[in-house]
Amino acid sequence: RRVLFRSLVVAVAGYKDRMDKFFSYIPGMMSRIGNHIDFPNYKSDELVQISSVMARDLEYDIHPDAYPVFQHYIEERMKLPYFSNARTVRNAMDRARMNSAIRTFERFAINGENGGLCTVEDLRSIMSEDFQVLLDDILNADVDKRIFA
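Residues numbered from 1 in each chain as written. Predicted model: local features only at pLDDT ≥ 70, side-chain atom pairs only at ≥ 80, totals over all residues. Heavy atoms only, no water.

> I'm lost on the nonpolar core in this one. Help?
A general tendency of soluble globular proteins is for nonpolar side chains to be buried together. Membership of the largest hydrophobic core comes to 23 residues, with the highest contact counts inside it found for Ile62, Phe70, Tyr73, Val89, Met93, Ile126 and Phe131. Elements with a minimum of two residues in this core: helix 4 (44-57), helix 5 (66-77), helix 6 (86-110) and helix 8 (128-139). (Core = buried A, V, L, I, M, F, W, Y, C linked by side-chain atoms within 4.5 Å. Buried < 20%, exposed > 50% of the residue type's maximum accessible area, 1.4 Å probe, protein only. Helix = DSSP H or I, 4+ residues; strand = E, 2+ residues; numbered from the N terminus.)

Here it is as C-alpha cells:
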C-alpha cells in the first residue's frame, strides 16, 4: 500500500486566480503540493504566430493584410474576462474560417462572381474582413454586457 502511494502523481491545473481560490478552501492544501508552476500568458504577437501555425495546419492561408486586424482583435480580447490564450485563438480561427466560408459562398454562389466558380485559393483564404467581424463584435458591444467575443 505504501509503495503504491509513493508512485501516485496528482496534477492540478488551472488559471492562477482560480487555483488560488481553490487552495483557499482547503487550509494547508497549497503547502502539500510540492511544485507550483505559473505559466505567463502569451503576448499578442505570439498569439498571432500561433494563429499562423493553426491556419497552416488546417490548410488555410491568412492574407498578410489580415494579421494587423487579428492582432487588434487579440489585444482587445485580452482585456475581457475569460481570455484563454491559445484556446481563444483557436475559437477566433474557427469563427474566421466560418466567416471566410460565408464570404466565399456569397461571392460565388449568391452573387455569381466568375460564373459561380471559385478556386482552391478562394476557399483557403482568410481575409482581414473575416477577422474584422470578430473585432467589431467586441468594439460595438454594450460595455456593461460584454464578457467575451
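> Can you walk me through the packing of aromatic side chains in this structure?
Where two aromatic rings form a pair, the distance of their centres and the angle of their planes describe that pair. This model, assessed by the stated rule, comprises 3 aromatic pairs. Plain terms: the ring middles of phenylalanine 70 and phenylalanine 131 are 4.5 Å apart, the flat faces sit at 45° to each other, and that makes the pair tilted. Of this pair, phenylalanine 70 sits in helix 5 while phenylalanine 131 sits in helix 8; the two residues are 61 residues apart in sequence, bridging distant segments of the chain. Across the pair, phenylalanine 131 and phenylalanine 70 agree in class, each one buried. Taken together through their ring pairs, the aromatic side chains of Phe70, Tyr73 and Phe131 make up a single cluster. (Phe/Tyr/Trp six-rings, centres within 6.5 Å; stacked < 30°, edge-to-face > 60°.)

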